[in-house]
Amino acid sequence: MLAELVAGAVDDAAARRALVGLAEVEAAALARPAARDVMAVLAPADRIKVIAEVKRASPSRGALAEIADPAALAVSYEAGGASAISVLTEGRRFGGSLDDLVQVRAAVGVPVLRKDFIAEPYQVFEARAADADLVLLIVAALTQPVLHELHALIVELGMTPLVETHSAEEVERALDVGASIVGVNARNLSTFELDRNLFGSLADRIPSGVIRIAESAVKDSADVAHYRAAGADVVLIGEALVTDGDPVARLESFLEAGR
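As a starting point, this report considers the structure included with it. Keep in mind that what you see is a predicted model, and the values were worked out from it rather than measured. (Residues numbered from 1 in each chain as written. Predicted model: local features only at pLDDT ≥ 70, side-chain atom pairs only at ≥ 80, totals over all residues. Heavy atoms only, no water.)

With parallel pairing, the eight strands of this closed barrel are ordered in space as 1-4-5-6-7-8-9-10. The mean inter-strand angle of the sheet, taken between neighbouring strand axes irrespective of direction, is 25 degrees. Note: strand 9 (residues 211–215) against strand 10 (residues 234–237), three bridges, orientation parallel. Bridged to A214 within strand 10 is V235. Lying over the sheet, helix 5 (residues 98–107) contacts strand 1 (49–54), strand 4 (84–88) and strand 5 (112–115), oriented at roughly 175 degrees with respect to strand 5. Contacting strand 6 (134–138) and strand 7 (160–165), helix 7 (residues 144–156) runs over the sheet at an angle of about 150 degrees to strand 7. (Pairing = 2+ DSSP bridges. Helix = DSSP H or I, 4+ residues; strand = E, 2+ residues; numbered from the N terminus. Axes fitted to C-alpha atoms, helices over the stretch in contact; angles between N-to-C directions. Contact = heavy atoms within 4.5 Å.)

With that settled, consider the environment of L134. Within the secondary structure layout, L134 lies in strand 6. Relative accessible area serves as the criterion here: at 0%, L134 is assigned to the buried category. Sequence separation between L134 and K115 is 19 residues, and the spatial gap between their C-alpha atoms is 8.5 Å. Residues within four places of L134 in sequence aside, it is in contact with V38, L42, P111, V112, L113, R114, T160 and I181. (Buried < 20%, exposed > 50% of the residue type's maximum accessible area, 1.4 Å probe, protein only.)

Encoded structure:
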């Protein structure tokens, strides 16, 4: 499944590149104002912080929410206390687009994450051209040289990489490229099974000074409290928010559980 998702994202990027060349996207990226200071926003505090996600669908669950107005949803997340907004820009299985990211960025003041299957520099330049502040890199999807190249490019463009891991070996690979934010995804991207305890088993391998993010497997406030007790600085939450009729109240309850 992961290989399929990456291949599709690369093919879609190639189609966009045929319309808008690398030089043009690079110029647009370099013309953007400085990205927001993500490290300051997500720094460890006396409560857990939340990255709230704009997510229409997933390969494991299918359609989740229509989200006709991603900007309005992002505004509600910001009002509810989200420290950052994640926007899924993958179109084939998640129903997202770069236009969603552009709309969200124009509507909120908090940092915005481009969440996609990033595998080549063109996608990184696209992210900065769309005014993203963070870019997701999935260790399992990349060789170490490519991970290093993309991580360095994201930093060079003034953005912050969120380096996602699923094992002790992947945490080491993330730290090897200098990751300042390491995510642990409870969802196995090969089988899509969930393991809420994976974060706790890996948290001690992430050194002090590196922001620790727990991703996936958040259904209720107890899950947020569980991640906080295991050492998470931040949780990334999508499905539980987009499927709730009152995302602001749900987000506030998650934040309260993480105090």
